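Analysis of the macromolecular model
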Amino acid sequence: MSRKALATLAGLLTLAASACSSSSGKSDGPVELSYMMWVESQVPAYKQCADAFTKKNPNITVKLSSVAWAQYWQNLTTQVVSGTAPDVFRDSVAYYPQFAKNNQLLDISEFVARDKVDLGQYQKGLADIWVRDGKRYGLPLDWDTIGVFYNKDQVKKAGLDPASFGSWTWNPQDGGTFEKAIAALTVDAEGRRGTDPAFDKEHVAVYGIAPDYNTGALGQTGWAGFAAGNGFKYLDKNPFGSKYFYDDPKLAETIDWFASLIKKGYAPPYDKQSALGGDAVLQSGKTAMVMAGSWMAKPYLDNKTLDLAVAPLPEGPQGRRSPINGVSDAIYAGTKHKEEAWQWVRFVGSSECQDLVAATTEVLPAITTASDKALAAHKAAGRDVQPFVDEAKAAGGTFLLPVTDNADKINEIMDAAISSVLLGTADSKTALPAANSQVNALFQ
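Since this is a predicted model, take the numbers as computed values, not measurements. (Residues numbered from 1 in each chain as written. Predicted model: local features only at pLDDT ≥ 70, side-chain atom pairs only at ≥ 80, totals over all residues. Heavy atoms only, no water.)

1. A look at helix α17 (residues 407-423)
Taking 1.5 Å as the rise per residue, α17 with 17 residues should run 24 Å; its terminal C-alpha atoms sit 23 Å apart, in good agreement. Of the residues making up α17, those classed as buried are Ile410, Ile413, Met414, Ala417, Ile418, Ser419, Ser420, Val421 and Leu422. Elements that come into contact with the buried residues of α17 comprise α9 (249-264), α10 (270-273) and α18 (428-441). Following α17 by one or two positions, Gly424 adopts a phi angle in the positive range, close to 85°. (Helix = DSSP H or I, 4+ residues; strand = E, 2+ residues; numbered from the N terminus. Expected span 1.5 Å × (residues − 1). Buried < 20%, exposed > 50% of the residue type's maximum accessible area, 1.4 Å probe, protein only. Contact = heavy atoms within 4.5 Å.)

2. Considering the packing of helix α2 (residues 43-56) against helix α13 (residues 338-348)
Viewed as axis vectors pointing N to C, α2 and α13 meet at an angle of 125°, and their least axial separation amounts to 10 Å. Compared by their axis directions, α2 and α13 come out oblique. You can see that α2 and α13 cross each other, and the crossing is right-handed. Side by side, α2 and α13 meet where Tyr46, Cys49, Ala50, Ala52, Phe53 and Lys56 of the first sit next to Glu340, Gln343, Trp344, Phe347 and Val348 of the second. Considered class by class, the residues forming the contact of α2 with α13 number eight nonpolar, one polar and two charged. (Axes fitted to C-alpha atoms, helices over the stretch in contact; angles between N-to-C directions. Parallel < 35°, antiparallel > 145°, perpendicular 65-115°, else oblique. Left-handed = near helix turned anticlockwise from the far one by under 90°. Nonpolar A, V, L, I, M, F, W, Y, C, P; charged D, E, K, R; others polar.)

3. Some thoughts on the packing of aromatic side chains
Given two aromatic rings, their pairing is described by the distance between the two centres and the angle made by the two planes. Per the counting criterion, the structure on display carries 39 aromatic pairs. Judged by centre distance (6.2 Å) and plane angle (35°), the ring pair of Phe178 and Trp257 falls under tilted. Of the two residues, Phe178 is situated in helix α7 (residues 176-185) and Trp257 in helix α9; the sequence distance between them amounts to 79 residues. With respect to class, Phe178 is no different from Trp257; both count as buried. A ring pair is formed by Trp223 and Phe232, whose centres lie 6.2 Å apart and whose planes are at 70°; its orientation type is edge-to-face. Trp223 sits in the buried class, given a relative accessible area of 5%. Directly above the ring of Tyr46 sits Arg90, whose terminal nitrogen or CZ lies 4.7 Å from the centroid. (Phe/Tyr/Trp six-rings, centres within 6.5 Å; stacked < 30°, edge-to-face > 60°. Lys NZ or Arg CZ within 6 Å of the ring centre and 35° of its normal.)

4. Some details on the sheet that holds strand β7 (residues 146-151)
Sheet architecture is open: three strands sit in the order β10-β7-β11, paired in antiparallel fashion. Edge positions in the sheet fall to β10 (289-293) and β11 (308-312), since each of these pairs with one other strand and no more. Direction aside, the axes of adjacent strands within the sheet are offset by 35° on average. The sheet contact formed by β7 and β11 spans five bridges and is antiparallel. Considered in β11, the bridge of Asn151 is made with Leu308. (Pairing = 2+ DSSP bridges.)

5. Here we look at unusual backbone geometry
Omega for the bond connecting Asn238 with Pro239 falls within 30 degrees of zero, at 10°, which places this linkage in the cis form. Within the secondary structure layout, Pro239 lies in the loop between α8 (224-229) and α9. Phi is positive for Asn103, close to 60°, though the residue is something other than glycine. Residue class for Asn103 comes out partly exposed when judged on its relative accessible area of 48%.

6. Brief notes about the nonpolar core
With 82 residues, the main nonpolar core has Tyr35, Tyr46, Leu76, Phe89, Tyr96, Trp342 and Trp344 as its most contacted residues. Listed in part, the 59 residues of the second largest apolar core include Ile146, Phe178, Ala435 and Val439. (Core = buried A, V, L, I, M, F, W, Y, C linked by side-chain atoms within 4.5 Å.)

7. Details of the state of the cysteines
Scanning the model with the defined rule gives one disulfide in all. There is a disulfide in this structure between Cys49 and Cys353, and the S-S distance comes to 2.1 Å. Measuring the twist about the S-S bond at about 90°, one finds the Cys49-Cys353 disulfide to be right-handed. One end of the pair, Cys49, is in helix α2; the other, Cys353, is in helix α14 (residues 351-360), with 304 residues separating them in the sequence. Per residue, the accessibility class of Cys49 equals that of Cys353, and both read buried. (Disulfide = S-S within 2.5 Å.)

8. Looking at the pattern of salt bridges
The final tally for this structure, using the stated rule, is 16 salt bridges. Note that Asp51 and Lys47 form a salt bridge whose closest N and O atoms lie 2.8 Å from each other. Pair noted here: Asp51 and Lys47 are both in helix α2, with a separation of four residues, about one helical turn. For Asp115, the salt bridge identified is with Arg114, shortest N-O distance 2.9 Å. For Asp115, a relative accessible area of 22% gives the class partly exposed. (Salt bridge = Lys/Arg side-chain N within 4 Å of Asp/Glu carboxyl O.)

9. A look at empty space enclosed by the protein
Considering all chains together, one arrives at two cavities of 30 Å³ or more under this definition. Taken as a whole, the largest cavity encloses approximately 80 Å³ of empty space. Lining the largest cavity, in full, are Pro211, Asp212, Tyr213, Thr215, Gly222, Trp223, Ile255, Phe258, Ile418 and Leu422. Tallied by class, the residues present in the lining of the largest cavity amount to seven nonpolar, two polar and one charged. Roughly 50 Å³ of volume is contained in the second largest cavity. For the second largest cavity, the full set of lining residues is Trp170, Gly225, Phe226, Gly229, Leu313, Pro314, Gly316, Gly319, Arg320 and Arg321. (1 Å grid on protein atoms, 1.4 Å probe; cavity = no way out; pocket = protein on both sides within 12 Å on 5 of 7 lines; lining within 4 Å. Points joined across faces, edges and corners; volume = space filled by probe spheres on them.)

Purely spatial values, then, with no claim about function.
Here is the structure:
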């Protein structure tokens, strides 16, 4: 079935489902809401919220389920078309534009206004993501920034002072003090470091860094912060711009620098690591550093095998910049329990729930006061996650990832182009502008 036919069918099914519900969307008897998310480790935290919610609303129970990321979206896409989607589900900026465009999400604007939800309580910018054409499709749940996790033992062996990592610098010409640290942390099979003229880049035992090569058109845990710190911006406006700038030489310089790390032997070859991911290389002890989001703070800093710590991204020519991202809960437009679903979404988006989540340290909640409580809970558990918070609080320290139509096609186009540069089969100054033309053609 074509994409257009699927969208038409989805709209008809949504209308039919809506017609079956009461005009207010509120049920008279007990209601069980189905609620789906994709991070299994977060289920206990939100189960606490569900229990607290039901205590306040005895006629409403919430049935939680979790499905792994890749299968989650495959399942959900089928469910919204067939009319069997959960009442409420965890949503991502990468997928919500298409759902909203197809009228598969409930506009909660009137609920937000009616119940006087304070949108100013959330981390700056996060509430704006979930608005399209004046309609609101979610409330922020959490946020994340990107940092550099490093192996403390390997840093010590290299003679580096981790205290200096808070002020390291980067530029696309020589990599700044950040590349110097990467070189010092790289070790060949004979024990020579990347700073040694005799270093053998063909036989590397430990790489200084294992970048995430599977970051597609966004580069979230890879090139994004570096490109932004070099002056790159994705598109003309965000959210829902229609002109992309992947042809910007500032991006080409950034991708070329990542490719240079591979050529110098400081980072694993693309064709050997891309299928594994940087995490597998880190866990095996084959790299000293990886870049990852704040959602990895708990599993990495509690690691029993590796002694890890986190530092901020390096400061680029135009400052230290980290992408900031977050998720929300969406209400399926065809739910028969609109009012009850809204009450749950409002509760999860409130400090009452987000304070409970903060105590578990699974995420950094979107409400700033709850986020501060999560930071305190991390400290109490012996985890230093301050770099993530400092990036978020710095003036101009963060930028939003693109919220856009055609996200799947853009990702496919740009992933292929950037991968070809990292593989060494294409030149960035040719591949990226050509890909950018294809991207912009999607909006014509």
